[in-house]
Amino acid sequence: MTLAKDTTTIGFVGTGVMGKSMAANLMEAGFTLNIYTRTKTKADELLEAGAVWKENAAVLAADSDVIITIVGYPADVEEVYFGDSGILAHAKPGSYVIDMTTSKPKLAERIHKEAAKKGIEAVDAPVSGGDIGAKNGTLAIMAGGSEAAFQELKPIFDVLGSNVVHQGAAGSGQHTKMSNQITIASNMIGVCEAITYAEKAGLDPERVLSSISTGAAGSWSLSNLAPRMIAGDYEPGFYVKHFIKDMKIALESAQEMGLLTPGLELSLSLYQRLAESGGEDDGTHALIRLFRT
């Protein structure tokens, strides 16, 4: 099928911090959108803008040409894709399913295999860039699946992201996202330590940030999250609880491959402490709280 904007209906499942903005960008680009999310009120703005509400994922799948999911946990992915009321049981042959949840690589491979049996193309395409990237349509999108499916879906990906890369076969997108999360995990510790060091040294942390963010220490987290740390704004662009989920998946995958990941293990232990102290619904940059005590 040709995925032209004026003839393609996209079904979107999951309108949380990331999904809401991503769905809005697709509508703005001219795609017709079907919406389903477990808490309907989270989709109110999208429905007011013209999205069509579907009562469950099965109905949405049957009425859509492309189905995009971005939900919380691998268990949620399994629930929405499999079983008699799942997406794969109701999606049309020739349609496409894109799971943009950060999930297990092996689960992505399973979805691809089961989808193929029904004549459906499946792509795993987790994203990075947080709420800012979702709003601005500048996400990094890491895709796994067939080259043909990726090329067909590229116009949709280009609405959502500015760095869209096909990484290889099914599961490759998720493996790439694990590399991304491993990098962020250790980097976030460094950002927290740098800001608290500057504060303890009696420096103006914003002025310090202006110097170090453009040099060799520069990173997305330093440029985008350190200012929130300094301001004490811990609103989530990405939830602590979801980052813990990602790190556990990465650690499990690394252990299966026999890899040593001490930075990842340290970061996971710190984030678990933060969650246990009541911070699981904060943004990931709230980690600095542990360093300021």
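This text goes with the structure placed above it.
Residues numbered from 1 in each chain as written. Predicted model: local features only at pLDDT ≥ 70, side-chain atom pairs only at ≥ 80, totals over all residues. Heavy atoms only, no water.

**Q** So what's going on with the packing of aromatic side chains? Residues and values would help.
**A** A full pass over the atoms with the stated rule returns 4 aromatic pairs. Both rings, one in Tyr36 and one in Trp53, keep their centres 5.8 Å apart while their planes meet at 45 degrees; by these two values the pair is tilted. Separated by 17 residues along the polypeptide, Tyr36 in strand β2 (residues 32-36) and Trp53 in strand β3 (residues 52-53) bring together distant segments of the chain. Relative to Phe243, the ring of Phe238 has its centre 6.3 Å away and its plane inclined at 70 degrees; by these criteria the two rings are edge-to-face. Judged by relative accessible area, which is 25%, Phe238 ranks as partly exposed. For Phe243, a relative accessible area of 2% corresponds to the buried category. Every member of this aromatic cluster is reached through a ring pair, and the members are Phe238, Phe243 and Tyr271. Over the ring of Phe82 we find Arg110; its NZ or CZ atom is 3.8 Å from the centre of that ring. (Phe/Tyr/Trp six-rings, centres within 6.5 Å; stacked < 30°, edge-to-face > 60°. Helix = DSSP H or I, 4+ residues; strand = E, 2+ residues; numbered from the N terminus. Buried < 20%, exposed > 50% of the residue type's maximum accessible area, 1.4 Å probe, protein only. Lys NZ or Arg CZ within 6 Å of the ring centre and 35° of its normal.)

**Q** Which residues make up the pairing of β2, and what values do they have?
**A** Counting buried residues in β2 gives 4 out of 5 residues, a clear majority hidden from the surface. Pairing between strand β1 (residues 9-13) and β2: 5 bridges, direction parallel. Looking across to β2, one finds that Phe12 is bridged to Ile35. Of the crossover connections in this fold, the one passing from β1 over helix α1 (residues 19-28) to the parallel β2 is right-handed. As paired elements, β2 and β3 share 2 bridges and run parallel to each other. The partner of Asn34 across the bridge, within β3, is Val52. (Pairing = 2+ DSSP bridges. Right-handed = clockwise from strand over helix to strand, strands pointing away.)

**Q** For helix α6 (residues 105-117), give the residues involved together with the corresponding values.
**A** Over its 13 residues, α6 extends 19 Å from the first C-alpha to the last, a length consistent with the 18 Å expected when each residue adds 1.5 Å. Here α6 has its buried residues at Pro105, Leu107, Ala108, Ile111 and Ala115. All buried residues of α6 lie within an arc of 160 degrees about the axis, which places them on one face of the element. Structural note: α6 exposes Lys106, Lys113 and Lys117 on the side pointing more than 90 degrees away from its buried face. Packed against the buried residues of α6 are α4 (74-81), α5 (87-90), β6 (121-124), α9 (172-200) and α13 (240-256). Positive phi appears at Gly119, one or two residues downstream of α6, with a value of about 75 degrees. (Expected span 1.5 Å × (residues − 1). Arc of directions from axis to C-beta. Contact = heavy atoms within 4.5 Å.)

**Q** Which residues make up helix α14 (residues 262-279), and what values do they have?
**A** Among the residues of α14, those classed as buried are Leu264, Ser267, Leu268, Leu270, Tyr271, Leu274, Ala275 and Gly279. For α14, the elements touching its buried residues are α9, α13 and α15 (288-292).

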